[in-house]
Amino acid sequence: QLQLVESGGGLVQPGGSLRLSCEGSGFLAIGWFRLAAGSEREGVACISSSGGSTYYSDSVKGRFTVSRDNAENAVYLQMNSLKPEDKAIYYCAAATTCGESWYLDEGQYDYWGQGTEVTVSS
């Protein structure tokens, strides 16, 4: 019955920022993934159900921050210092936990949103 809805994507210049939202997160771990043209789906970040633990891929560490507000039933992905390489469709997905292989084992995520498109261009 869980439904996830991403929002916040759009066009931004290199070096700019965007904040993505994932609504309907419930009390579950939420992973963020992205799919770029010509590339495989890539795990970007994961946050535990309580928000106490966060994980990031090397490509975004230090630039992206995942957080959540369970009172608002939402998870956020703050993206700073955006690069053209960050252009992709971003998805949020729900799982029981992030797990050690959170960025690889997509099978642990039972629910996926429809995605929101991020374009980084001058």
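Everything below is about the structure printed above this text.
Overview of the structure.

### Here's the deal with the overall build of the chain
Here comes step 1: Helix and strand counts for the chain stand at zero helices and eleven strands.
Here comes step 2: Going from the N terminus to the C terminus, the chain shows its helices and strands as β-β-β-β-β-β-β-β-β-β-β.
Here comes step 3: In summary, the chain has a C-alpha radius of gyration of 13 Å against a globular reference of 14 Å for 122 residues, a match within 12%.
Here comes step 4: Considering only C-alpha atoms, the chain reaches an extent of 40 × 30 × 25 Å along its principal axes.
Here comes step 5: Restricting to contacts in the chain with at least 6 residues of sequence separation, those with at least 24 account for 57%.
Here comes step 6: Accessible area for the chain stands at about 6300 Å²; split by element, carbon and sulfur atoms hold 45% of it.
Here comes step 7: For the chain, the distance from the average position of its 8 positive side-chain charges to the average position of its 14 negative side-chain charges is 6 Å.

### Thoughts on the state of the cysteines
Here comes step 1: The full count for this structure, using the stated rule, is two disulfides.
Here comes step 2: What pairs with Cys22 in a disulfide is Cys92, and their sulfur atoms sit 2.1 Å apart. Taking the sign of the S-S torsion, 75° for the link of Cys22 and Cys92, the bridge is right-handed. Of this pair, Cys22 sits in strand β3 (residues 18–23) while Cys92 sits in strand β9 (residues 88–95), placing them 70 residues apart in sequence. Judged on exposure class, the residue Cys22 and its partner Cys92 are both buried.
Here comes step 3: Here Cys46 pairs with Cys98 through a disulfide, and the sulfurs are 2.2 Å apart. For the disulfide bridge between Cys46 and Cys98, the dihedral angle about the S-S bond is near -95°, and by the sign convention the bridge is left-handed. Residue Cys46 is found in strand β5 (residues 42–47), and its partner Cys98 is found in the loop between β9 and β10 (111–112); the two are separated by 52 residues along the sequence.

### Re the pairing of strand β7 (residues 64–69)
The two faces of the sheet receive side chains in turn, since in a regular strand these alternate between them.
Here comes step 1: Side-chain alternation along β7 places Phe64, Val66 and Arg68 on a buried face and Thr65, Ser67 and Asp69 on a face that remains uncovered.
Here comes step 2: Two elements, β7 and strand β8 (residues 74–79), share six bridges in a ladder whose sense is antiparallel. Note on β8: the bridge partner recorded for Val66 is Leu77.
Here comes step 3: Where β7 folds back onto β8 in an antiparallel hairpin, the turn is made up of four residues, including Asn73, whose phi is positive at roughly 55°.

### A short note on the sheet that holds β7
Here comes step 1: Here four strands make up an open sheet; going across it, the order is β1-β3-β8-β7 and the pairing antiparallel. Single-partner strands in this sheet number two, and they are β1 (5–7) and β7. The sheet shows a mean angle of 15° between the axes of neighbouring strands, direction not considered.
Here comes step 2: Relative to β3, β1 is paired through three bridges, and the arrangement is antiparallel. Bridge assignment links Val5 to a residue of β3, and that residue is Glu23.

So, how was this worked out
Residues numbered from 1 in each chain as written. Predicted model: local features only at pLDDT ≥ 70, side-chain atom pairs only at ≥ 80, totals over all residues. Heavy atoms only, no water. Helix = DSSP H or I, 4+ residues; strand = E, 2+ residues; numbered from the N terminus. Rg over C-alpha atoms; globule rule 2.2 N^0.38 Å. Contact = heavy atoms within 4.5 Å. Areas by Shrake-Rupley, 256 points an atom, 1.4 Å probe, with all protein chains shown as cover. Lys, Arg positive; Asp, Glu negative; His and termini not counted. Charge placed at Lys NZ, Arg CZ, Asp CG, Glu CD. Disulfide = S-S within 2.5 Å. Buried < 20%, exposed > 50% of the residue type's maximum accessible area, 1.4 Å probe, protein only. Pairing = 2+ DSSP bridges. Axes fitted to C-alpha atoms, helices over the stretch in contact; angles between N-to-C directions.

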